[in-house]
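# Structural characterization, general
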Amino acid sequence: MARETYPARLESKTLISEPSQCFHFEFVLDGMESFPFAAGQFVSAVAEDANGKLQTRAYSLASAANANRFDLCVNRVPDGFFSNHLADLTDLPPGSIVQVHGPHGHFTLHEPVTDSILVATGTGIAPMRGFCQWLFPENGPDRSNGKDIWLIYGTRHESELYYRDYFEALAARHPNFHYLATLSRAPESWGGLRGYVQEHMARIVEERAARLGQPLPAPPVDPATPPAELSFDIYAYICGLNNMVASVRESLAGYGWHRKQIVFERYD
Ligand SMILES: Cc1cc2nc3c(=O)[nH]c(=O)nc-3n(C[C@H](O)[C@H](O)[C@H](O)COP(=O)(O)OP(=O)(O)OC[C@H]3O[C@@H](n4cnc5c(N)ncnc54)[C@H](O)[C@@H]3O)c2cc1C
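Conventions used here
Residues numbered from 1 in each chain as written. Predicted model: local features only at pLDDT ≥ 70, side-chain atom pairs only at ≥ 80, totals over all residues. Heavy atoms only, no water. Pairing = 2+ DSSP bridges. Helix = DSSP H or I, 4+ residues; strand = E, 2+ residues; numbered from the N terminus. Contact = heavy atoms within 4.5 Å. Axes fitted to C-alpha atoms, helices over the stretch in contact; angles between N-to-C directions. Salt bridge = Lys/Arg side-chain N within 4 Å of Asp/Glu carboxyl O. Buried < 20%, exposed > 50% of the residue type's maximum accessible area, 1.4 Å probe, protein only.

### Here we look at the sheet that holds strand β11 (residues 234-240)
Reading across from one edge, β10-β9-β8-β7-β11-β12 is the order of the 6 strands in this open sheet, with parallel pairing throughout. Each edge of the sheet is formed by a strand with only one pairing partner; in this case those strands are β10 (193-194) and β12 (262-266). For strand β7 (residues 115-121) and β11, the ladder comprises 6 bridges, and the chain directions are parallel. Residue pairing in the sheet places Asp 115 in a bridge with Ile 234 of β11. On the sheet, helix α4 (residues 197-212) packs against β7, β8 (149-155), β9 (177-183), β10 and β11 and is oriented at approximately 160 degrees with respect to β8.

Below, the structure is given as C-alpha cells:
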C-alpha cells in the first residue's frame, strides 16, 4: 500500500555551489501546523519519472525542526532522476510541490549530548547542519552541554564547502564547536587543512585520549553488558558516500571504539 505523502511547497531554492551544482532548498508543509522530527532524520521524496513510474529517494533534513518547514541540500548526480528533478524545480513563480513522507531514520544524536565527532563529505553535511541548528539554536538555550563538538568536513575543492559561512560563524560564537574543513585537492593558496577526513579524525581521537589520560586502543566493553546500559563519553556521526563511511568506521574500530559509538548514514 502506498504511504501517505504530504505536499511540500518549495519556498526558495539557492545554488550554493556552481561547480558541483549543489542547491539549498527551503520547503513549507502548508497543510500541517508542525512537522516534528529529530535532527539528522530524512524525508522520502516521491515523484513520477518520464515513464510514469513512481520514484522515491531519501533526503536528509538539512535543518532542525522548525514549525512546518524543512530544508534540504541536494547536488545534481549526472544522469540521476531525482536529484535533477529537484534541481529543476522553480521557486519563481512560487508553487512547485514535492510529495514527501517521513520523517524516517535513526541518524540522530545521543542524549544527553556527549563529546561528538561529526564527519561528513559532500552533501553529507545536510544532517550535520540539522545537528548544529539543534545544538546551538539561534533563539533559545544551547543544547551542547558545553561538550566538544568537532565537525570534520571534507571536499575536493573550496567551492564545495557548503554552508561554510554558517559553520564559521558558529565556531566563532561557540568555543566548544570546532569546524575543520579539509580539502583533498587544495590549491597552493589554500591556508586551511588538507587531505582526507580520516587523517584529521585520527588526530582528534588521539589528542583527546591523551588529554583525558584514556588508553588507545580503548579497552573492550564487557560483552555481557546489556545494550541499554551501554553508554560512552564520545560518539562519532558519519555521513556521506559509502567508501568514506566504511573507511572512517574502520579507523574508529582500530582505536577500539565500540560499534554502538559509531552512528552513520550512507547515501549510496
Ligand atoms: C538516508 C539517505 C539520505 C540521503 N540524503 C541526501 C541528501 O541530503 N542530499 C543528497 O544530495 N543526496 C542524498 N541522498 C542520496 C539520494 O537519495 C539519491 O540517491 C541521489 O539524489 C541520487 O538520486 P538520483 O535519482 O538523482 O540518481 P539515481 O538515478 O538514483 O542514481 C545515481 C547514482 O548515483 C549514486 N549517488 C547517490 N547519491 C549520490 C551523491 N550524493 N553523489 C554522487 N553519487 C550519488 C547512486 O548510488 C546511484 O548509483 C541520501 C540517500 C540516503 C539513503
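### Topic: the sheet that holds strand β1 (residues 6-17)
Ordered by their spatial adjacency, 6 strands build an open sheet running β4-β3-β6-β1-β2-β5, and the pairing between neighbours is antiparallel. The open sheet has two free edges, formed respectively by β4 (54-60) and β5 (69-75), since each of these has just one partner strand. With direction set aside, neighbouring strand axes in the sheet form an average angle of 40 degrees. Here helix α2 (residues 125-135) sits on the sheet in contact with β2 (22-28), β4 and β5, set at roughly 150 degrees to β5.

### A word on the pattern of salt bridges
Pairing between side chains of opposite charge can happen when the charged atoms of each approach one another. In total, this model carries 9 salt bridges according to the counting rule given. Between Arg 129 and Asp 71 there is a salt bridge, and its shortest N-O distance comes to 2.9 Å. Taken together, the residues Arg 129 in helix α2 and Asp 71 in strand β5 connect sequence positions 58 residues apart. Neither Arg 129 nor Asp 71 differs from the other in exposure class; each is buried. Measuring nitrogen to oxygen at the nearest pair gives 3.4 Å for the salt bridge that ties Arg 208 to Asp 233. Within this pair, whereas Arg 208 is found in helix α4, its partner Asp 233 is found in the loop between α4 and β11, the two being separated by 25 residues in sequence. Take Asp 233: its relative accessible area is 38%, and that puts it in the partly exposed class.

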